[in-house]
Amino acid sequence: MIIVTSGHVDHGKTALLQALTGTNTAHLPEEKKRGMTIDLGYAYLPLTDLGKTDRTLGFIDVPGHEKFLVNMLAGLGGIDYAMLIVAADEGIQAQTKEHLTILRLLQLQQIIVVITKADRATSLQIDQLSQQLKANYPILAQSPLFITSAKTTQGIETLREYLAQLPNLADQNKPFRYAIDRVFSVKGAGTVVTGTAFTGQVKIDDELYLSTGQTVRVKNIHSQNQKANLGAAGERLALNIHTDLDRSLIERGDWLFSQPPQAATERISVQINTEIPLGESQVIHLYHACARTTGKLNLLQTKTLSPSQLGLAEIILDKPLFLTYGDKLILRSADAKQVIAGAKVLEINSPKRYKRSAERLAFLQQLQQAETSAKRTALYLQNKAISAQTLMWTEQLTPSQLDESLKENQQTCFQDWCFNQDYQQQQNEKLLNALTQYHEQHNDQLGISKARLYRIATLNQPEKLIYHFIDELLNTDKLQQTRGWLHLPEHKIHFSAEEQQLWQAVLAQFEQNHGQALWVRDLANVLEQEETTMRTFLYKAGKLGYLTPIVKDRFFLTETIYVYSRLIKQFIAEHGAISVNQLRDELKFGRKLVVQLIEYFDRSGFLRRKGNLHILRDGNIFDS
């Protein structure tokens, strides 16, 4: 478990940690030279002496100087506890207030007040400072308070015992998610990254995904500065990784995940808690874990927000970030000199349009109030289907956890798409209504193809999922399919009495040509019909299954196509494949017609071309 220490420069944070742990966190030469913490410093306290043999506390000593605030913000990702350090002899200072503001906006589980340098102040001064902290800062009213001196060790043991009993609140059951803050090489080991595990667990030999897209393998783990076989959420980890990627391409702000990451997002909806009055739109600096970027903040509900007021906002990021629901953010002013708000991510990949509509705002307010992943998943799947990978990423769920949420909500998945029954009913109604309208406008057509029905009824929905819904409509007889054409059960087409006479004349022409294909124009001339009329009639005969066009306007009798398919299948069974010339020799047709016929069989999926030969792809197509 990690505890962050914050406070004004030179208020004794580093000395306190050295007294608690025996480690001096001023690890950089420049820090030792200047006597202040510039980058993040770390110290560890094994709890063996306190009966907690399986635990080690980690401490992050964050910079106190305003100039180094960026590093301080990087230290606060994935942490639930903080110690606010205030020197007894100097009291509340500028960075004390700024750090406390950040801690409050990050909504940590607990802020522990530690008054240091007690040996430099009187009891009266310490009592007054304690009262001032509790009275002036409501967030500290219920906080535990400790009086310490690193020099005399006053209060050190009491503080150590209190910290030892704090529970680790990080969720170790979620997928592993780890923010990288340092990258370096170790001779004989290779690339090492350090950072804090937000959620989940990692073991040696696990394969992880870099946010840059590459995969890495974990060779060794140091957890809380000790060699380990397992690293867990809430701990500071050093991971020795095996990767083909050049170390220089991995940098502070990158992530490691146990599940494939979704694309980084550049547009998010957040719950914002303001520190200063905010207008409707402003440029901001945004801090998330070890990443920092700029962006534009747009209020969604009102044109202004007052200090400490909660509101909904949209943030458009200049650099996309890997965010998930519930992530905590800190926002600073355009000049990066003032903390202006804290934020909690409600939605990633927010829509660009209708962002202030009543429906959108109601949805975001419901997300604010939803306390569990299952409740939020129910909201996500209102009126839409979402991929399982997207849901698992957004809520940081394992496949089994997603299944539990879907089961609780009586939702389901087909392949990768998750949806509820209302969504399926809506899509089914669109499909059936589209077919009804098509039949009204084209009553001489048997129906339409599956692909065309998808395009005219549900174009923006997942294609494979809609095809699944169509199959279910077919299985329940709400749709029917005749020779590949979809239609409503009550819709039928047939020849009129006049068309039946014409069909007999057409059939006679096919019989006279001994199985040859005929052109629309030739039939129209022989039977003294308008070419357009004959074309419409022949294609209607095709819809009824009597004829099959192998190319535009050239038809075989469908029964003849089946005869030729059986001949080809038998030939391939004996010889392994068939060529155009071989089929020509079998049928005694001209080469041009044979090419058209064999290409038709390729298009239909019956055959597949392989060089100059054609082999069987699906021998069941013409079996009926």
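Now for a description of the structure that goes with this document. Since this is a predicted model, take the numbers as computed values, not measurements.

Conventions used here
Residues numbered from 1 in each chain as written. Predicted model: local features only at pLDDT ≥ 70, side-chain atom pairs only at ≥ 80, totals over all residues. Heavy atoms only, no water. Phe/Tyr/Trp six-rings, centres within 6.5 Å; stacked < 30°, edge-to-face > 60°. Buried < 20%, exposed > 50% of the residue type's maximum accessible area, 1.4 Å probe, protein only. Helix = DSSP H or I, 4+ residues; strand = E, 2+ residues; numbered from the N terminus. Lys NZ or Arg CZ within 6 Å of the ring centre and 35° of its normal. Pairing = 2+ DSSP bridges. Axes fitted to C-alpha atoms, helices over the stretch in contact; angles between N-to-C directions. Parallel < 35°, antiparallel > 145°, perpendicular 65-115°, else oblique. Contact = heavy atoms within 4.5 Å. Nonpolar A, V, L, I, M, F, W, Y, C, P; charged D, E, K, R; others polar. Expected span 1.5 Å × (residues − 1). Arc of directions from axis to C-beta. Polar contact = N/O pair within 3.5 Å; in protein donor to acceptor, adjacent residues only side chain to side chain. Disulfide = S-S within 2.5 Å. Salt bridge = Lys/Arg side-chain N within 4 Å of Asp/Glu carboxyl O.

### Describing the packing of aromatic side chains
In this structure the tally under the stated criterion is 20 aromatic pairs. Between the aromatic rings of F176 and Y178, the centroid separation amounts to 5.8 Å while the plane-to-plane angle is 20°, which identifies the pairing as stacked. The pair formed by F176 and Y178 is uniform in burial state, with each residue classed as buried. Where F257 meets W393, the ring centres are 4.9 Å apart and the plane angle is 85°; that geometry is what we call edge-to-face. Of this pair, F257 sits in strand β15 (residues 255–257) while W393 sits in helix α9 (residues 388–395); the two residues are 136 residues apart in sequence, bridging distant segments of the chain. A relative accessible area of 1% places F257 in the buried class. We note K450 situated over the ring of Y467; from NZ or CZ to the ring centre the distance is 5.3 Å.

### Here's the deal with the sheet that holds strand β16 (residues 265–274)
Where strands meet in a sheet, backbone hydrogen bonds hold them as pairs that are either parallel or antiparallel. Strand order around the closed barrel formed by six strands is β16-β19-β18-β17-β20-β21, with antiparallel pairing between neighbours. Taken pair by pair, the neighbouring strands of this sheet meet at an average axis angle of 40°, ignoring direction. Strand direction decides the pairing type here: strand β20 (residues 328–332) and strand β21 (residues 339–348), joined by five bridges, are antiparallel. Residue pairing for β21: L331 is matched across the bridge by A341.

### With respect to the pairing of strand β1 (residues 2–7)
Among the six residues in β1, six count as buried, and that is most of the element. Sheet topology places β1 next to strand β3 (residues 56–61); four bridges connect them, and they run parallel. If you follow I3 over to β3, its bridge partner there is F59. Here five bridges tie β1 to strand β4 (residues 81–87), and the two strands are oriented parallel to one another. Following the sheet pairing, V4 is matched in β4 by A82.

### A short note on the packing of helix α1 (residues 13–21) against helix α6 (residues 156–164)
Running from amino to carboxyl end, α1 crosses α6 at an angle of 75°, the nearest separation of the two axes being 10 Å. On the basis of their axis angle, the class for α1 and α6 is roughly perpendicular. In contact with L16, A19 and L20 of α1, α6 contributes I156, L159, R160 and L163. Here the contact of α1 with α6 is built from residues that sort into six nonpolar, no polar and one charged.

### A closer look at helix α11 (residues 421–441)
With 21 residues, α11 extends 30 Å between its outermost C-alpha atoms, agreeing within 8% with the 30 Å of an ideal straight helix rising 1.5 Å per residue. Within the span of α11, buried status applies to Y423, Q424, Q427, N428, L431, A434, L435, Y438 and H439. The arc that holds the buried residues of α11, viewed along the axis, is 145°, so those residues lie on one side. Opposite the packed face of α11, turned more than 90 degrees from it, sit the exposed residues D422, E440 and Q441. Buried residues along α11 sit in contact with β24 (417–419), α12 (450–458), α13 (463–475) and β26 (485–487). Its side-chain oxygen 3.2 Å from the backbone nitrogen of D422, N420 forms the N-cap of α11.

### What to know about the state of the cysteines
Enumeration over the complete set of coordinates arrives at one disulfide. Linked covalently through their sulfurs, C413 and C418 form a disulfide whose S-S length is 2.3 Å. Between C413 and C418 the sulfur-sulfur dihedral comes to about 60°; the bridge is accordingly right-handed. Residue classification places C413 among the partly exposed positions, given a relative accessible area of 33%. A relative accessible area of 0% means that C418 is categorised as buried.

### Brief notes about the pattern of salt bridges
Charged atoms that come close allow side chains of opposite charge to pair. Scanning the model with the defined rule gives 20 salt bridges in all. K540 is the salt-bridge partner of E499, the closest N and O atoms lying 3.0 Å from each other. You can see E499 sitting in helix α14 (residues 497–512) and its partner K540 sitting in helix α16 (residues 531–543), a full 41 residues away along the chain. With a relative accessible area of 21%, E499 lands in the partly exposed category. A residue is classified by how much of its surface remains accessible, and K540, at 12% relative accessible area, is buried. Ionic pairing is found between R535 and E531, a salt bridge with its closest N-O pair at 2.9 Å. Residue R535 and its partner E531 are both found in helix α16; the two are separated by four residues, about one turn of the helix. By relative accessible area, R535 is classed as partly exposed at 24%. A residue is classified by how much of its surface remains accessible, and E531, at 28% relative accessible area, is partly exposed. Through salt bridges that share partners, R521, E531, R535 and D553 make up one connected network.

### A word on the environment of L106
Considering the arrangement of structural elements, one finds L106 in the loop between α4 (94–105) and β5 (110–116). Of the residues examined, L106 reaches a relative accessible area of 7% and is grouped as buried.

### Some details on the packing of α11 against α13
Look at α11 against α13: their axes get within 10 Å of each other, and the N-to-C directions meet at 75°. Considering the angle they form, α11 stands roughly perpendicular to α13. Residues Y423, Q424, Q427, N428, L431 and L432 of α11 lie in contact with α13, whose contacting residues are L465, I466, F469, I470, E472 and L473.

### Section: unusual backbone geometry
One non-glycine residue, N349, lies in the positive phi region at around 55°. Checked against the element boundaries, N349 lands in the loop between β21 and α7 (358–369). For N349, a relative accessible area of 47% corresponds to the partly exposed category. Positive phi, normally seen in glycine, also occurs at Q410, with a value near 55°. Of note, Q410 is situated in the loop between α10 (399–408) and β23 (412–414).

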